[in-house]
Amino acid sequence: DAEITQSPRHKITETGRQVTLACHQTWNHNNMFWYRQDLGHGLRLIHYSYGVHDTNKGEVSDGYSVSRSNTEDLPLTLESAASSQTSVYFCASSESLRNTQYFGPGTRLTVL
Amino acid sequence: GESVGLHLPTLSVQEGDNSIINCAYSNSASDYFIWYKQESGKGPQFIIDIRSNMDKRQGQRVTVLLNKTVKHLSLQIAATQPGDSAVYFCAENMLNNDMRFGAGTRLTVKP
């Protein structure tokens, strides 16, 4: 069955370190998204991609970057982790822009 | 209904009762709406969607109602079960294709 996976599921890192969170989908969706979820807030968009080599900034993109070298993967990199980036991160994909986004299981990141 | 803040709105219902979860959306031009269910420690899971040319859509045990006049969306769950306990949130597809998500409502089902 097609799916979307994220790794690692849990990560603890130190301030200033570079961290990369992986997202892999097997639906062959063109659109992929990264969100962060914090208590009391809705999902907030970090970065998104509409296809290979396409990347776009979302609402809360500062301190994050993504790259899209193939259809299946959209890794999220924190260049220099900060405590404010402690959060749960979700990756999602969709077949088209006006269709449902399907979410991965999430990565809980703690920055000490 | 949903609100932004430190504490999620909560709804507590008895097993077997019907549940109604409300959502106020922000943009009158939004044309696509989705309800998601999120269980503890898991990613959001699609429940049901509705486009703006409809005012009601039914699924298995769930119904979504859309009132564009007051920008209001509701999710009705029939015969609520313990497995329905989760956070439910709505999402709207804005005119520029941005998807905006509500903070959610926590549903607790009492056996």
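Description of the structure in this document.

Basis of the calculations
Residues numbered from 1 in each chain as written. Chains lettered and ligands numbered in written order. Predicted model: local features only at pLDDT ≥ 70, side-chain atom pairs only at ≥ 80, totals over all residues. Heavy atoms only, no water. Disulfide = S-S within 2.5 Å. Helix = DSSP H or I, 4+ residues; strand = E, 2+ residues; numbered from the N terminus. Buried < 20%, exposed > 50% of the residue type's maximum accessible area, 1.4 Å probe, protein only. 1 Å grid on protein atoms, 1.4 Å probe; cavity = no way out; pocket = protein on both sides within 12 Å on 5 of 7 lines; lining within 4 Å. Points joined across faces, edges and corners; volume = space filled by probe spheres on them. Nonpolar A, V, L, I, M, F, W, Y, C, P; charged D, E, K, R; others polar. Contact = heavy atoms within 4.5 Å. Salt bridge = Lys/Arg side-chain N within 4 Å of Asp/Glu carboxyl O. Polar contact = N/O pair within 3.5 Å; in protein donor to acceptor, adjacent residues only side chain to side chain. Pairing = 2+ DSSP bridges. Axes fitted to C-alpha atoms, helices over the stretch in contact; angles between N-to-C directions.

### So, the state of the cysteines
Should the sulfur atoms of two cysteines be covalently bonded, the bond is a disulfide. All names here are of chain A. Taken as a whole, this structure holds two disulfides over all chains when the rule is applied. The residue that forms a disulfide with C23 is C91, at a sulfur-sulfur distance of 1.8 Å. An S-S torsion of about -70° defines the bridge between C23 and C91 as left-handed. Of this pair, C23 sits in strand β3 (residues 19-25) while C91 is found in strand β9 (residues 87-94), placing the two residues 68 residues apart along the sequence. Across the pair, C91 and C23 agree in class, each one buried.

### Quick notes on the layout of surface pockets
In this structure, the largest pocket encloses a volume near 500 Å³. Along the wall of the largest pocket there are 23 residues; nearest its centre are Q37 and R108 of chain A together with Q38, S40 and G41 of chain B. Of all the secondary structure elements, the ones that give two or more residues to the lining of the largest pocket are β9 and β11 (107-111) of chain A together with β8 (86-93) of chain B. Considered class by class, the residues forming the lining of the largest pocket number eight nonpolar, nine polar and six charged.

### Description of the interface of chain B and chain A
Between chain B and chain A, the residue contacts involve 25 residues of the former and 18 residues of the latter. At the junction of chain B with chain A, the criterion picks out zero salt bridges. Our enumeration of links across chain B and chain A arrives at four residue pairs in polar contact (both at pLDDT 80 or more). Among the secondary structure elements, those contributing two or more residues to the side of chain B that touches chain A are β3 (32-38), β4 (45-51), β8 and β9 (99-101) of chain B. With four residues, the top contributor of residues to the side of chain B that touches chain A is β3 of chain B. Among the residues forming the side of chain B that touches chain A, the class breakdown is 13 nonpolar, eight polar and four charged.

### Comments concerning the sheet that holds strand β6 (residues 62-67) of chain B
Residues and elements named next belong to chain B. Overall, antiparallel pairing links the four strands, which are arranged β2-β7-β6-β5 in an open sheet. On the outer flanks of this sheet lie β2 (19-24) and β5 (56-58), each paired with one strand and no other. The sheet shows a mean angle of 15° between the axes of neighbouring strands, taken without regard to direction. Relative to strand β7 (residues 72-77), β2 is paired through six bridges, and the arrangement is antiparallel. In the strand pairing of β7, C23 is matched with L73.

### Some words on the sheet that holds strand β8 (residues 76-78) of chain A
Residue and element names in this part refer to chain A. Strand order in the open sheet formed by four strands is β1-β3-β8-β7, and the pairing between neighbours is antiparallel. At either margin of the open sheet sits one strand with a lone partner, and together these are β1 (4-7) and β7 (64-66). Along the sheet, successive strands turn relative to each other by an average axial angle of 20°, direction set aside. Bridge count between β3 and β8: three bridges; the pairing is antiparallel. Looking at β8, one finds that T20 is bridged to T77.

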